[in-house]
Every structure is written in C-alpha cells, then in structure tokens.
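Residue-level listing of the chains:
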Amino acid sequence: MLLRHAPDLSEREVTPRDLYVNRRQILAGFGGLMIAGAGNVQAAVKSPFSTQETPTSLKDITSYNNFYEFGTDKSDPARNAGRLTVKPWKVKIDGMVGKPGDYDLDDILKGMTIEERIYRMRCVEGWSMVIPWNGFPLASLLTRVEPLSGAKYVAFETLVRPSEMPGQAGLFKILDWPYVEGLRLDEAMHPLTLLATGLYGENLPNQNGAPLRLVVPWKYGFKGIKSIVRISLTDKEPRTSWNIQAPQEYGFYSNVNPAVDHPRWSQATERRIGDTGGLFAKRRPTLPFNGYADQVAGLYTGMDLRKFY
Ligand SMILES: Nc1nc2c(c(=O)[nH]1)N[C@H]1C(S)=C(S)[C@@H](COP(=O)(O)O)O[C@H]1N2
Ligand SMILES: [Mo]
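Residues numbered from 1 in each chain as written. Chains lettered and ligands numbered in written order. Predicted model: local features only at pLDDT ≥ 70, side-chain atom pairs only at ≥ 80, totals over all residues. Heavy atoms only, no water.

If you check an unreviewed UniProt entry, the protein chain appears there as Protein-methionine-sulfoxide reductase catalytic subunit MsrP from Niveispirillum lacus. Its UniProt record, at the heading Sequence similarities (unreviewed entry), says of the protein chain: "Belongs to the MsrP family." Of the comments in the UniProt record for the protein chain, the one headed Subunit (unreviewed entry) reads "Heterodimer of a catalytic subunit (MsrP) and a heme-binding subunit (MsrQ)." (UniProt positions renumbered as here; feature names shortened; annotations may be inferred.)

Structure follows, in structure tokens:
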C-alpha cells in the first residue's frame with residue numbers, strides 16, 4: 001500500500017493510459033491523501049462517478065479543441081497554445097469568502113487529493129469526447145476558502161494575455177475578454193464538479209486549458225472555462241461569455257438537454273469524436289444531463305428547464 005501526499009507527485013508520474021481502465025477502484029475521499037492499489041505506483045484515485053465508456057484518444061483530445069484565445073478553428077489551439085506560460089500560475093479568489101487571496105496554484109495543490117475521473121465531455125456543437133481527467137473537486141477548494149453565508153454563485157475568469165494569446169490580440173474582437181463563466185454554488189459544490197489539472201495522467205496540455213480548467217460533466221462543453229485566473233464568490237448570477245455573445249442561444253444553465261433544441265440545430269444526438277466514419281459516423285442519442293441525471297437532476301427540481309436553458 002502506497003500512501004503519499006498529493007504534492008509529492010507531479011501528474012507526469014501518475015498512471016500511464018494503459019493502466020486506466022482496469023485499475024482497482026479505491027476512493028480516498030477528499031482528505032488530502034492518495035491511496036493507490038498495492039504494488040502499483042499510480043497516484044490517481046478512480047472516481048466512483050467514472051463512466052465505463054472507452055476514452056477518446058489522446059490525439060483527438062488534444063487536436064480538436066475550442067479555445068478562442070488561440071483562434072476560432074478547432075485546430076488553432078493545438079497550433080498556438082504552446083507558447084502560453086503556465087508556471088508560475090496565480091489564482092485570485094475573492095468576493096464573498098472568508099479567506100480571499102492571490103493563491104499560487106502549487107500551494108492550492110498541496111494537500112489536494114489527485115483524483116482520476118473519466119468523464120464524458122460534450123460540446124454544444126453536437127460532438128462529444130470521453131476524457132480521463134485528473135484534478136480535484138472544486139468543492140475541496142471552495143471549502144478551504146470558506147464561502148460566506150450570503151454567497152450563492154461562483155464566477156470564473158480566464159487569463160487575459162494578448163502577448164501569448166493571439167486570439168486576444170487580433171483586430172477583430174472574437175469575444176469580450178476575459179472569457180467568463182459561472183455556476184450556482186450548489187452546482188459548484190457538487191462532487192462531480194472538477195477543477196482539472198491533467199488528463200491521461202499527464203499535466204493538462206495547454207490547448208485543453210492548462211494549468212487549471214473547470215469540468216462540469218452534466219453541462220455543455222463551453223461551461224468548461226480554461227486557464228482560470230480568478231474565482232469569485234458572489235450573490236448575483238454571474239455573466240457568462242456565450243450568453244453575452246448570443247443570449248437567445250445560450251443561457252446561464254447550459255445543462256445537456258436533448259429535449260431542448262438549440263435555436264439553430266437539434267441537440268438530440270451527438271457525434272463521438274474518433275468513431276469510425278468521421279463526419280459520417282453514426283450519431284449517438286444524447287442523454288439528459290449527459291448521463292448524470294441520477295446524480296444531478298435533483299439540483300433543478302421545480303425549474304422549467306426550457307426556460308432555464
Ligand atoms: N477560456 C476559454 N475556455 C473555453 C473556451 C474558450 O474559447 N475559451 N471554449 C469552450 C468550449 S466552446 C468548449 S467546447 C470547451 C472545449 O474544451 P476541450 O478543448 O478541452 O475539449 O472549452 C470551453 N472553454
Ligand atoms: Mo463548445
């Protein structure tokens with residue numbers, strides 16, 4: 001049995017991909033210790049929420065991305081994000097918290113459980129990937145900074161650094177920078193909600209949102225804000241980039257919902273990236289809450305999800 005504190009191991013030392021699927025499932029809890037299976041060196045702990053679906057290939061996960069700070073084409077982030085400096089990395093935590101501050105990401109990681117979770121990640125464009133994330137529950141961080149009793153929402157902001165983000169430096173303003181997102185506090189505290197720092201046992205590739213990005217498995221991909229530099233607790237519903245850009249098309253909630261069409265396309269089915277046949281591969285039915293309805297539907301009881309889309 002191997003017991004180590006999270007900061008002793010960088011993600012690079014965590015499980016190689018071929019060990020993933022049949023790994024012993026031991027949950028260490030959020031106590032700050034990792035427990036790996038006897039005789040194994042891997043540090044990640046498989047989440048009880050992991051899907052059994054086959055992960056998308058590393059190549060597809062890292063070459064088909066949306067990250068408009070690096071360009072609007074799906075291939076732009078892989079080409080342009082390499083120059084982004086991701087260390088050192090500070091995260092400002094402010095607003096309605098007992099312990100606001102400018103935290104160094106390495107300090108945040110001290111004592112955090114490194115968890116392995118294989119999540120289906122879906123995107124509004126009707127495609128999906130299955131990504132084996134490494135990271136820690138957002139709740140673990142929020143609990144440590146002590147939200148005040150009046151806090152109802154969490155707002156997130158991405159880095160603004162035009163010198164390293166060509167999409168922010170161009171003549172055309174693609175989006176209002178910084179990219180912003182938000183969650184209700186109960187959504188943010190849900191154990192499925194993750195701050196990812198890696199995937200496939202490696203540090204997060206820049207194009208996937210290094211060094212820290214949000215993963216909300218039951219929401220569309222655009223909720224997963226990348227390269228986060230600020231987390232604010234607030235009592236007002238935060239603004240979100242896609243809602244600012246196209247309010248008729250994107251609401252605050254952005255829950256995966258096959259029953260509610262996007263104004264310009266159906267959201268009933270999705271294309272799994274990597275399925276044979278490429279663009280012509282058989283589409284899959286999209287599941288309510290991305291297949292996590294048992295865990296999260298209760299967060300929305302009594303809400304009209306056509307109105308709160
Ligand atoms: N800062 C920032 N975060 C972002 C985006 C972006 O353009 N900028 N795109 C979003 C969208 S639309 C999607 S689909 C996912 C894609 O994440 P992935 O490239 O890791 O699959 O990132 C989301 N997070
Ligand atoms: Mo997206």
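## A closer look at the pattern of salt bridges
Evaluated as defined, the whole model comprises 21 salt bridges. Notably, a salt bridge pairs Glu53 with Arg120, separated by 2.9 Å at the nearest N-O pair. Residue Glu53 is located in the loop between β3 (45–46) and α1 (58–63), and its partner Arg120 is located in strand β6 (residues 115–123); the two are separated by 67 residues in the primary sequence. Judged by its relative accessible area of 10%, Arg120 is buried. (Salt bridge = Lys/Arg side-chain N within 4 Å of Asp/Glu carboxyl O. Helix = DSSP H or I, 4+ residues; strand = E, 2+ residues; numbered from the N terminus. Buried < 20%, exposed > 50% of the residue type's maximum accessible area, 1.4 Å probe, protein only.)

## Considerations on empty space enclosed by the protein
Leftover empty space is mapped by rolling, across the atoms, a probe with the size of a water molecule. Evaluated as defined, the whole model comprises five cavities of 30 Å³ or more. Of the pockets and cavities examined, the largest cavity occupies roughly 60 Å³. Secondary structure elements with two or more residues in the lining of the largest cavity: β6 and β14 (269–272). (1 Å grid on protein atoms, 1.4 Å probe; cavity = no way out; pocket = protein on both sides within 12 Å on 5 of 7 lines; lining within 4 Å. Points joined across faces, edges and corners; volume = space filled by probe spheres on them.)

## A look at the nonpolar core
The biggest cluster of nonpolar side chains holds 69 residues, and the ones touching the most others in it are Trp133, Leu141, Phe156, Leu195, Leu214, Trp218 and Ile231. Residue contributions to this core peak at five residues, all from strand β7 (residues 127–137). Other than its neighbours up to four places away in sequence, Trp218 contacts Glu187, His190, Leu192, Thr193, Asn255, Val256, Phe289, Asn290, Tyr292, Val296, Leu299 and Tyr300. (Core = buried A, V, L, I, M, F, W, Y, C linked by side-chain atoms within 4.5 Å. Contact = heavy atoms within 4.5 Å.)

## Description of the environment of Tyr292
Position of Tyr292 among the secondary structure elements: in the loop between β15 (284–285) and α8 (293–296). Residue Tyr292 is classed as buried on the basis of its relative accessible area, which comes to 3%. A C-alpha to C-alpha distance of 7.7 Å links Tyr292 and Pro217, two positions 75 residues apart in sequence.

## Topic: the UniProt feature "binding site: Mo-molybdopterin" (unreviewed entry) in the protein chain
Here the UniProt feature "binding site: Mo-molybdopterin" (unreviewed entry) sits at Asn65, Tyr68, Glu69, Cys123, Thr158, Asn208, Arg213, Gly224, Ile225 and Lys226. Set against the largest cavity, the annotated residues that line it come down to Cys123. Those residues in contact with Tyr68 that sit more than four places away from it in its chain are Gly167, Ile174, Leu175, Trp177 and Trp242. Excluding residues that lie within four positions of it along the chain, Asn208 makes contacts with Ile61, Thr62, Asn65, Leu199, Arg213 and Lys226. A polar side-chain atom of Asn208 sits 3.0 Å from the main-chain carbonyl oxygen of Ile61. (Polar contact = N/O pair within 3.5 Å; in protein donor to acceptor, adjacent residues only side chain to side chain.)

## So, the site of ligand 1
Residues in contact with ligand 1 amount to 16 residues; listed here are only the nearest, Asn65, Tyr68, Glu69, Gly224 and Lys226. Within the side chain of Asn208, a nitrogen or oxygen atom sits 3.1 Å from an oxygen atom of ligand 1. Coverage of ligand 1 by the protein amounts to 99% of the 530 Å² it exposes when considered alone. Its residues assigned to classes, the shell around ligand 1 comprises seven nonpolar, six polar and three charged. (Near = heavy atom within 4 Å. Areas by Shrake-Rupley, 256 points an atom, 1.4 Å probe, with all protein chains shown as cover. Nonpolar A, V, L, I, M, F, W, Y, C, P; charged D, E, K, R; others polar.)

## Description of the packing of aromatic side chains
On inspection of all chains with the given rule, the structure shows twelve aromatic pairs. Ring centres of Phe67 and Phe70 lie 4.8 Å apart, and the angle between their planes is 85 degrees; on these two criteria the pair is classed as edge-to-face. For the residue pair Phe67 and Phe70, the accessibility class agrees, reading buried in each case. Judged by centre distance (5.9 Å) and plane angle (85 degrees), the rings of Tyr153 and Phe252 are edge-to-face. Of the two residues, Tyr153 sits in strand β8 (residues 153–158) while Phe252 sits in the loop between α7 (241–245) and β14, which places them 99 residues apart along the sequence. A network of ring pairs unites the aromatic residues Tyr153, Phe252, Tyr253, Phe289, Tyr300 and Phe308 as a single cluster. (Phe/Tyr/Trp six-rings, centres within 6.5 Å; stacked < 30°, edge-to-face > 60°.)

## Description of unusual backbone geometry
That bond from Lys87 to Pro88 is cis: its omega, 0 degrees, falls within 30 degrees of zero. Residue position: Pro88 is located in the loop between α2 (76–80) and β4 (90–95). Between Trp177 and Pro178 the backbone carries a cis peptide bond, its omega angle lying at -5 degrees. Along the chain, Pro178 falls in the loop between α5 (166–169) and β9 (180–184). A positive phi is found at Tyr200, a non-glycine position, where the angle reads about 50 degrees. Note that Tyr200 resides in the loop between β10 (194–199) and β11 (202–203). Take Tyr200: its relative accessible area is 6%, and that puts it in the buried class. The phi torsion at Ser227 lies on the positive side, around 45 degrees, for a residue other than glycine. Along the chain, Ser227 turns up in the loop between β12 (213–215) and β13 (228–234).

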